[in-house]
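# Summary of structural features
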Amino acid sequence: MIDFEQYLQDKKQLVEDRMLGYLNGLNAPATLKDSMLYSISAGGKRLRPILALAVMESFQKDPEFVLDAACAIEFVHTYSLIHDDLPSMDNDDFRRGKLTSHKVFGEAQAILAGDALLTESFSMVTDNVFLNADQKVKLLSVLSRAAGAEGMVGGQVEDLEGENKELTLKELESIHEKKTGKMLECSVLTGGIAADATEGELLALQLYARHIGIAFQIQDDILDITGNQDELGKPVGSDEANLKTTYPKLLGLDGAQKEMKNHIRVSLEHLGKINRNTGILASIADYIIKRNH
């Protein structure tokens, strides 16, 4: 029986050690390295890279083979957080209990740190000695689409345009499927591609991730109402203050919780279509709805 909490800690440490080692090895201006390291070292659950590693283990493959590609996903995620926090975007002063990048290094340097993390992510995929050329091309395609105009960036645009508006449930889901879900899909597909999963297995993984992505965002919305500021690392009630449409606002708190559990149920149904040892992936789905930050 695997100790799930210990599993998360061990994989998180593996990911963080590799990311810091990579950044420290860059021949880049000191200020740029410092700002990149600052945001990468700010903490976080590292859920996205852990998902990629967990898929590899589900297919009985060495997770080290996909470690750099998994870290690349976290680089992209971190760049997006740096840019989201900027005054022109969400205008946040704190992230995970620490001052945001632009509050420490200034806006210009924060933008460049984000740009550099995004760009270095592609090198982390192409330089991976454990992957063949076909796998690298597929991983770059998955990552760029998940992060780009049809994925995370497009979701952020829809999110900005949705401020001060009354969105429908369908519109809200569209935002978060792109903004959060696509990068989670990218994570499991990264593990699946590196593990030589079949097309059917990749589709099941993608749908599993799509639904845990929506559930993840619903829980974020719930925690913005019910959470503890010290645990969240940022002020609670910011969504309401910014006049954002959220799942609790549309469905009520009880309705949002039911919707979240329904998405987890559907995600596990898709996971069940894979004849592999997917216990860790099921535990991650359960963790999403029980987390307090």
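What counts and how
- Residues numbered from 1 in each chain as written.
- Predicted model: local features only at pLDDT ≥ 70, side-chain atom pairs only at ≥ 80, totals over all residues.
- Heavy atoms only, no water.
- Salt bridge = Lys/Arg side-chain N within 4 Å of Asp/Glu carboxyl O.
- Helix = DSSP H or I, 4+ residues; strand = E, 2+ residues; numbered from the N terminus.
- Buried < 20%, exposed > 50% of the residue type's maximum accessible area, 1.4 Å probe, protein only.
- Expected span 1.5 Å × (residues − 1).
- Contact = heavy atoms within 4.5 Å.

### Quick notes on the pattern of salt bridges
Taken as a whole, this structure holds 17 salt bridges when the rule is applied. Two residues, K249 and E166, come together in a salt bridge whose shortest N-O distance is 3.7 Å. With K249 in helix α13 (residues 247-271) and E166 in the loop between α8 (152-161) and α9 (169-194), this residue pair connects regions lying 83 residues apart in the sequence. Overall, K249 belongs to the partly exposed group, its relative accessible area being 44%. Note that R265 is salt-bridged to E269, the shortest N-O span being 2.6 Å. Taken as a pair, R265 and E269 lie in helix α13 at a separation of 4 residues, close to a single helical turn. Since its relative accessible area comes to 42%, R265 is described here as partly exposed. In this structure, a network of salt bridges that share partners links the residues E16, R46 and E74.

### Some details on helix α3 (residues 47-58)
Helix length check: α3, at 12 residues, gives a terminal C-alpha distance of 16 Å against a target of 16 Å (1.5 Å per residue), a fit within 8%. Tucked inside the fold, the buried residues of α3 contact α1 (4-24), α4 (67-84), α9, α10 (199-226) and α14 (279-290). Residue Q60 follows α3 closely and has a positive phi angle near 60°.

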